[in-house]
Amino acid sequence: MGKTWATLGVDLHVEPTGSGIRKGLTEALREAVRSGRLAPGTRLPSSRSLAVDLGVARNTVAESYADLVAEGWLTARQGSGTRVAERSVVRPAPQAAPRRREQARPAYDLVPGRPDLASFPRAAWLKAARRALTRAPHEALGYGDPRGRPELRTALAGYLSRARGVRADPERIVICSGFSDGLTLLGAVLRRRGLRSIAVESYGLDVHWTLLHRSGLRTVPLPFDELGTDTRDMTGARAVLLTPAHQFPMGVPLHPDRRAAVIAWARRTGGLVLDDDYDGEFRYDRQPVGALQGLDPGHVVHLGTASKSLAPALRLGWLVLPPSLVD
Ligand SMILES: Cc1ncc(COP(=O)(O)O)c(C=O)c1O
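Note that the coordinates shown come from a computational prediction; the quantities given were computed from them, not determined experimentally.

Focus: helix α8 (residues 256-269)
For step 1, the next point in the chain: Its 14 residues give α8 an end-to-end C-alpha distance of 20 Å, which sits within 8% of 20 Å, the value for a rise of 1.5 Å per residue.
For step 2, the next point in the chain: Residues Arg 258, Arg 259, Val 262, Ile 263, Trp 265 and Ala 266 constitute the buried set of α8. Along the long axis of α8, the arc covered by the buried residues comes to 155 degrees, so they all point the same way. Facing away from the buried side of α8, by more than 90 degrees, are the exposed residues Pro 256, Asp 257 and Arg 268.
For step 3, the next point in the chain: On its buried face, α8 sits against β8 (224-225), β9 (228-229), β10 (239-242), β11 (272-276) and β12 (300-305).
For step 4, the next point in the chain: Positive backbone phi, approximately 75 degrees, marks Gly 270, located one or two places after α8.

Pasting the structure below:
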């Protein structure tokens, strides 16, 4: 069995086999130099101190050094001791980087799903983060309330009622890692409550359907026309996932009659509407349409996210829940 020493700042594994410890030491040092673990120019300890370090005879180390000098791995000069030779490491020639075809950047990138990342308010965010961290008690760095920090839930409740017409109470808000995390949490809860399927929109995001499938729910797509998603025939459904502010990816808001119809369905059947309000704040021609949850907070879960209004990398989302779902 060989032995490993940590010496010279590198691990040297010496095998005292074959012609013995000298061969093992020479191989270990050669390998350390070849691999670059002992950098060119590094001064090696004197044969006396390395011998003490490794617990071997001084001559063994001296002979090993001499072998490596003869091979060109080390240099030995009067007055400057034994060093790793300057050109001892053979580096592979750098590979030319594969040429990439220049991609023309569009003047206006209309691909859905990603906000303008250059617009992120970095300075304001830094200032706010600094202020919050300076004032936060130590206890704020712990696990805390599973629903999230009360300061954040309180601020969100105010914002959501002002900007989105959500009937929000901090006690019924749960902070999560973006919409996707919130949907995953809800999917698991609904499955545990006995649901086997959930109605979804046609052309919706298949990654979100996959999250629901992983919770054990089947997804049943609903028809779609110029008024938005048609929820009139949801026989047997107990929950539906909608993007009422802007149908994703078609962009059309759910028509007021359809909004009323889905709320009526929920009240009649005890069904649950999942309102994916991912970009409800955005509107260029008139006031944004209020969130569906404002019509009936007992039957609608409002799912929000900062992925569009700020940046997806924040992974910041929230659920505003009917009382029966908070626990
Ligand atoms: C329809 C829809 N819902 C929700 C989201 C946001 O998901 P998350 O908050 O997980 O980033 C997106 C993002 O692209 C989306 O397109």
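After that view of the structure, there is still more to cover.
Looking at the environment of Gly 271
For step 1, the next point in the chain: Locating Gly 271 in the fold gives a position in the loop between α8 and β11.
For step 2, the next point in the chain: Residue Gly 271 is classed as buried on the basis of its relative accessible area, which comes to 2%.
For step 3, the next point in the chain: In this structure, the C-alpha to C-alpha distance between Gly 271 and Gly 236, residues 35 residues apart in sequence, is 9.8 Å.
For step 4, the next point in the chain: The contact partners of Gly 271, leaving out residues within four places of it in the chain, are Arg 238, Trp 265, Ala 266 and His 299.

As for the domain arrangement of the protein
For step 1, the next point in the chain: Split by domain assignment, the protein resolves into domain 1 (3-84) and domain 2 (146-326).
For step 2, the next point in the chain: With centres defined by C-alpha atoms, the gap from domain 1 to domain 2 works out at 67 Å.

Focus on the pattern of salt bridges
For step 1, the next point in the chain: Under the definition given, this model contains 14 salt bridges.
For step 2, the next point in the chain: Across the salt bridge formed by Asp 67 and Arg 22, the nearest N and O atoms sit 3.0 Å from each other. Of the two residues, Asp 67 is situated in helix α3 (residues 58-71) and Arg 22 in helix α1 (residues 21-34); the sequence distance between them amounts to 45 residues.
For step 3, the next point in the chain: The exposure class assigned to Arg 22 is partly exposed, which follows from its relative accessible area of 33%.
For step 4, the next point in the chain: The partner of Lys 23 in a salt bridge is Glu 27, with the nearest N and O atoms 3.5 Å apart. One end of the pair, Lys 23, and the other, Glu 27, are both in helix α1, 4 residues apart, so they sit about a helical turn from each other.

Examining the site of the ligand
For step 1, the next point in the chain: Around the ligand there are 13 residues in total, and Phe 179, Ser 180, Asp 276, Thr 305 and Ser 307 lie nearest to it.
For step 2, the next point in the chain: Taking Ser 307, its side chain carries an N or O atom lying 2.7 Å from an oxygen atom of the ligand.
For step 3, the next point in the chain: When the ligand sits alone it has 400 Å² of accessible area, and the protein chains cover 90% of it.
For step 4, the next point in the chain: Here the shell around the ligand gets 3 residues from one element, more than from any other, and that element is helix α6 (residues 178-192).
For step 5, the next point in the chain: Each residue belonging to the shell around the ligand can be placed in one class, and the counts come to 4 nonpolar, 6 polar and 3 charged.

Topic: the pairing of strand β3 (residues 74-77)
For step 1, the next point in the chain: The pairing of β3 with strand β4 (residues 81-84) spans 4 bridges and is antiparallel. Bridged to Thr 75 within β4 is Arg 83.
For step 2, the next point in the chain: Adjacent in sequence and paired antiparallel, β3 and β4 are bridged by 3 residues, among which Gly 79 carries a positive phi angle near 90 degrees.

Looking at the nonpolar core
For step 1, the next point in the chain: Grouped together as the largest cluster of nonpolar side chains are 22 residues, with contacts concentrated most on Leu 186, Leu 241, Leu 274, Val 301, Leu 319 and Leu 321.
For step 2, the next point in the chain: Those elements that provide at least two residues to this core are β5 (173-176), α6, β6 (197-201), α7 (206-214), β10, β11, β12 and α9 (323-326).
For step 3, the next point in the chain: Broken down by element, the residue count for this core peaks at 4 residues, all from α6.
For step 4, the next point in the chain: The residues touching Leu 321, leaving out its near neighbours within four places in the chain, are Arg 172, Val 174, Leu 186, Val 301 and Val 326.
For step 5, the next point in the chain: Formed by 18 residues, the second largest nonpolar core is a distinct cluster that contains Leu 29, Leu 44, Leu 68 and Trp 73.

Analysis parameters
- Residues numbered from 1 in each chain as written.
- Predicted model: local features only at pLDDT ≥ 70, side-chain atom pairs only at ≥ 80, totals over all residues.
- Heavy atoms only, no water.
- Helix = DSSP H or I, 4+ residues; strand = E, 2+ residues; numbered from the N terminus.
- Expected span 1.5 Å × (residues − 1).
- Buried < 20%, exposed > 50% of the residue type's maximum accessible area, 1.4 Å probe, protein only.
- Arc of directions from axis to C-beta.
- Contact = heavy atoms within 4.5 Å.
- Domains from an automatic or database assignment.
- Salt bridge = Lys/Arg side-chain N within 4 Å of Asp/Glu carboxyl O.
- Near = heavy atom within 4 Å.
- Polar contact = N/O pair within 3.5 Å; in protein donor to acceptor, adjacent residues only side chain to side chain.
- Areas by Shrake-Rupley, 256 points an atom, 1.4 Å probe, with all protein chains shown as cover.
- Nonpolar A, V, L, I, M, F, W, Y, C, P; charged D, E, K, R; others polar.
- Pairing = 2+ DSSP bridges.
- Core = buried A, V, L, I, M, F, W, Y, C linked by side-chain atoms within 4.5 Å.

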